[in-house]
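Observations on the model geometry
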Amino acid sequence: MANLSMTTETDTETDTAPQPARRASLAAIRDSDLWYSFRTHPSAVFAACLLALVALTALFAPWITPQDPYDLAALELWNSEIPPIWNEAGQWPYILGTDTQGRDILSAILYGSRISLIIGFASVIAALSVGLSLGLIAGYFGGWVDNVIMRLGDVLLSMPFILIAILITAVATASLPTGLKDVLAAPILILAIAVPSWVQYARTVRASAMVERKKEYVQAARLIRVKPWRIMLHHILPNCLTPILVAATLNFGLAILSEATLSFLGVGMPPDQPSLGTLIRIGNQYLFSGLWWIVVFPAVQLCLIVLSVNMIGDWLRDALNPKLR
Amino acid sequence: MTRPILEVDALERRFDVSAPWLNRLLEGKPRRTLRAVDGVDFDILPGQTLALVGESGCGKSTIAKLVTGLHAPSDGKIRFNGDPTKMQMIFQDPFASLNPRWRVGRIVAEPLRTLFPETTDVQAEARVGELLKTVGLSPADAAKYPHEFSGGQRQRISIARALAGEPEFLVCDEPTSALDVSVQAQVLNLMKRLQRDMGLTYLFISHDLSVVRHMADVIAVMYLGRIAEIQPTADLFANPLHPYTRMLLDTIPDLEAPKRDRAPMGGEVPSPVSPPSGCTFHPRCPLAFDRCKRELPKRTPDVHDRRVACFAAAEGKTDV
């Protein structure tokens, strides 16, 4: 018993009154291993800055671009096919030149990045919410529930990703009236990318949930009859998030690429609300007539976005891996 | 005579350990079941401690899970004469029994919030502080995470959490086996003090007879899912009846005679999937004779007041 009282004393010495929660969590981020790892990895800092730049310019596109590429009245045909500004024939303010209809390439890229980023982000969120819930349910309950959900996932994974996406967009556009097609183009694309990609999240969460479910803190909660959904959300989910965070980041890059692929194939965003993929598809037609800037700059932007996302994902995977610390 | 708080009668739990259906079909293998608990019965009186002792794999942890309702029994009865919410459990591994992402305050308050939903935040905080003090920690520790504590401190957090549900009955599944010997004593003393102050009843599971001697009123020695012998603690140590109990007692080091001739524990625990015929202990038993290979000894009333399941002991044989 003497030992007991000793520990009590040392414990009270080290811990003073609890601080306000908000400030404590900010300080916790500043002092965390993750922040330290971020600061000491130049590639991660570079990628994050690049991505932030892309995201901010895309977000504020209407205020910083010289023209609205969607406003057909603002396009003048005599401004068409102007090469980039460092070329002799280049003209201010068309820094990266214009396309065959007099559309400013830089403006189109910034507006297009906006669409690409939104579709990529939304499809990751959609796939994540479906994958997390189904994976948690499968891992926690096991048995036939698990079998049904995971076999459904296996079926989806046995078909090529792009084929399912094309199928969904094709069926959706064929069955919709013309007026709705363009309005719903983005939601359909988000769905088409999310449907084949939830399986990966479900598998990851299921694997962690099966491990966590057997741990004693979950049994302790079951013992006092905490409801299953509470156990899943409050106990199991927070302990499965690390691998999910990494997968979601890497899949964000993949989703942007998928969107570009679909748009390039002509089943994605329509030409009057072009994403980066649509821009590349349109520019591709002029590549051999010497108008290289129409296709190259959107492609470079796409590369930069996916590259920075992947660099962040790679860093995150290493930083969160306890074996590499 | 006082009514037992827990009555366990012919309890059985089988696990299906066969290969998946397709493999069984292709390889022509039969179904295989494992009898983790095989006809166990015991009673616990209020305020007492019953200890289950045995080597790993003998089914003691399964009994803990059956009693707490985490597993359903395959057969037999468990009667808990009390409010089922008044039963709590303390787990073996203090590193797995606390959610690593929750602060201690939230962990300890979980039973309060679940079992008494009308508790206000202020009441809960006050109660958590009180409970942490009871187990020898500081109320300020509520703001910390489990990884900031040592094994012994974590086990005390587990105890505080269990007490938050205001239990009458605690199932302790090897609560000290993951701790250093010096810390074990602290936790055991705390548990004894709590039992005295709050009138708790313990089902105490351990593989360590010296720990059990300190804690238990009654000891049940288990072997391969069955109770070999059940006796009050003093009787068991003074007069062990089952040859297996004597083997276990022989393995405890003795301070008085450190170099005495100790018979080493021979053999391994057989697989519970295919247990030996007759008395499952006979391949390791120095007293075994023909009948042990054929028949299963029962703890019948005429054999030493139902205390031992052994033919040799029934005939009065105690020495090799």
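Residues numbered from 1 in each chain as written. Chains lettered and ligands numbered in written order. Predicted model: local features only at pLDDT ≥ 70, side-chain atom pairs only at ≥ 80, totals over all residues.

Focus on the overall build of chain B
- Counting secondary structure elements, chain B contains 11 helices and nine strands.
- Taken over the C-alpha atoms alone, chain B extends approximately 70 × 60 × 40 Å along its principal axes.
- In chain B, buried positions account for 42% of the 320 residues.
- Taking the contacts inside chain B whose residues are at least 6 apart along the sequence as the reference set, 67% of them involve residues at least 24 apart. (Helix = DSSP H or I, 4+ residues; strand = E, 2+ residues; numbered from the N terminus. Buried ≥ 20, exposed ≤ 12 C-beta atoms within 10 Å, placed from the backbone. Contact = placed C-beta atoms within 7 Å.)

Describing helix 6 (residues 105–141) of chain A
Residues and elements named next belong to chain A.
- If you check helix 6, its first and last C-alpha atoms are 53 Å apart, about what 37 residues at 1.5 Å a residue would give, namely 54 Å.
- Burial within helix 6 is extensive, with 28 of its 37 residues counted as buried.
- Immediately downstream of helix 6, the backbone of Gly 142 shows phi near 65 degrees, a positive value. (Expected span 1.5 Å × (residues − 1).)

Regarding the confidence of the model for chain A
- The predicted model of chain A has a mean per-residue pLDDT of 83, with 91% of residues at 70 or higher.
- Here residues 1–20 of chain A scores under 50 on pLDDT; set against residues more than four positions off or in separate chains, the count is 20 contacts. (pLDDT = per-residue confidence, 0-100.)

What to know about helix 2 (residues 60–68) of chain B
Residue and element names in this part refer to chain B.
- Counted residue by residue, helix 2 has seven buried out of nine residues, so it is predominantly covered.
- Within the span of helix 2, buried status applies to Lys 60, Thr 62, Ile 63, Ala 64, Leu 66, Val 67 and Thr 68.
- Positive phi shows up at Gly 69, right after helix 2, with a value of about 90 degrees.

Comments concerning the nonpolar core
- Core analysis: the largest hydrophobic core is formed by 158 residues, its most contacted members being B:Ala51, B:Val108, B:Leu203 and B:Phe204.
- Looking at this core, the element that brings in the most residues is helix 6 of chain A, giving 18 residues.
- Residues lining this core come from more than one domain, with at least three contributed by each of domain 1 (6–233) and domain 2 (239–251 + 277–320) of chain B.
- Residue contacts for B:Leu203: discarding those within four places in its chain leaves B:Ile44, B:Leu50, B:Ala64, B:Val67, B:Val171 and B:Cys172. (Core = buried A, V, L, I, M, F, W, Y, C linked by C-beta atoms within 7 Å. Domains from an automatic or database assignment.)

Concerning the interface of chain B and chain A
- On the chain A side, the residues contacting the 27 residues of chain B number 23 residues.
- For the side of chain B that touches chain A, the elements supplying multiple residues, two or more each, are strand 5 (87–90), helix 3 (104–115) and helix 6 (181–198) of chain B.
- For the side of chain B that touches chain A, the element with the highest residue contribution is helix 3 of chain B, accounting for four residues.
- Tallied by class, residues from the side of chain B that touches chain A come to 12 nonpolar, 11 polar and four charged. (Nonpolar A, V, L, I, M, F, W, Y, C, P; charged D, E, K, R; others polar.)

Quick look at the packing of helix 6 of chain A against helix 7 (residues 143–157) of chain A
Residue and element names in this part refer to chain A.
- Closest axis-to-axis distance for the helix 6/helix 7 pair is 7 Å, and the angle between their directions is 145 degrees. For helix 6 against helix 7, the interelement crossing comes out left-handed. Mapping the contact onto sequence places Leu 134, Ile 137, Ala 138 and Phe 141 in helix 6 and Gly 143, Val 145, Asp 146, Ile 149 and Met 150 in helix 7. (Axes fitted to C-alpha atoms, helices over the stretch in contact; angles between N-to-C directions. Left-handed = near helix turned anticlockwise from the far one by under 90°.)

Quick notes on the domain arrangement of chain B
Residues and elements named next belong to chain B.
- Domain annotation of chain B identifies domain 1 (6–233) and domain 2 (239–251 + 277–320).
- When each unit is reduced to the centre of its C-alpha atoms, the spacing between domain 1 and domain 2 is 29 Å.
- Contact with domain 1, which involves 10 residues of that partner, is made by 12 residues of domain 2.
- Element by element, the count of residues in the side of domain 1 that touches domain 2 is highest for strand 9 (residues 226–232), at six residues.

Some remarks on the packing of helix 11 (residues 216–223) of chain A against helix 12 (residues 228–264) of chain A
Residue and element names in this part refer to chain A.
- At a minimum axis distance of 11 Å, the contact between helix 11 and helix 12 shows a crossing angle of 155 degrees. As the angle between them shows, helix 11 and helix 12 are arranged roughly antiparallel. Here the hand of the crossing between helix 11 and helix 12 comes out right-handed. Of the residues in helix 12, those touching helix 11 at Tyr 217, Val 218, Ala 221 and Arg 222 are Ile 231, His 235 and Ile 236.
- Broken down by class, the residue content of the contact of helix 11 with helix 12 amounts to five nonpolar, one polar and one charged. (Parallel < 35°, antiparallel > 145°, perpendicular 65-115°, else oblique.)

Some thoughts on the environment of B:Pro111
- Within the fold, B:Pro111 resides in helix 3.
- With 24 C-beta atoms counted inside 10 Å, the residue B:Pro111 sits in the buried group.
- Put simply, B:Pro111 and B:Ala164 are 53 residues apart on the chain and 6.0 Å apart in space, counted from C-alpha to C-alpha.
- Contacts of B:Pro111, omitting those with residues within four sequence positions, involve A:Ile224, B:Arg161, B:Ala164 and B:Gly165.

Thoughts on the sheet that holds strand 4 (residues 75–80) of chain B
Residues and elements named next belong to chain B.
- One open sheet accounts for three strands, arranged 2-1-4; its pairing is antiparallel. Both edges of this open sheet fall to strand 2 (33–44) and strand 4, since each of them pairs with a single strand only. Sheet twist, expressed as the mean angle between neighbouring strand axes with direction ignored, is 25 degrees.
- The sheet contact formed by strand 1 (residues 6–16) and strand 2 spans nine bridges and is antiparallel. By the bridge assignment for strand 2, Leu 11 is matched with Val 40.
- Against the sheet, helix 2 touches strand 1, strand 2 and strand 4, its axis set at about 65 degrees to strand 2. (Pairing = 2+ DSSP bridges.)

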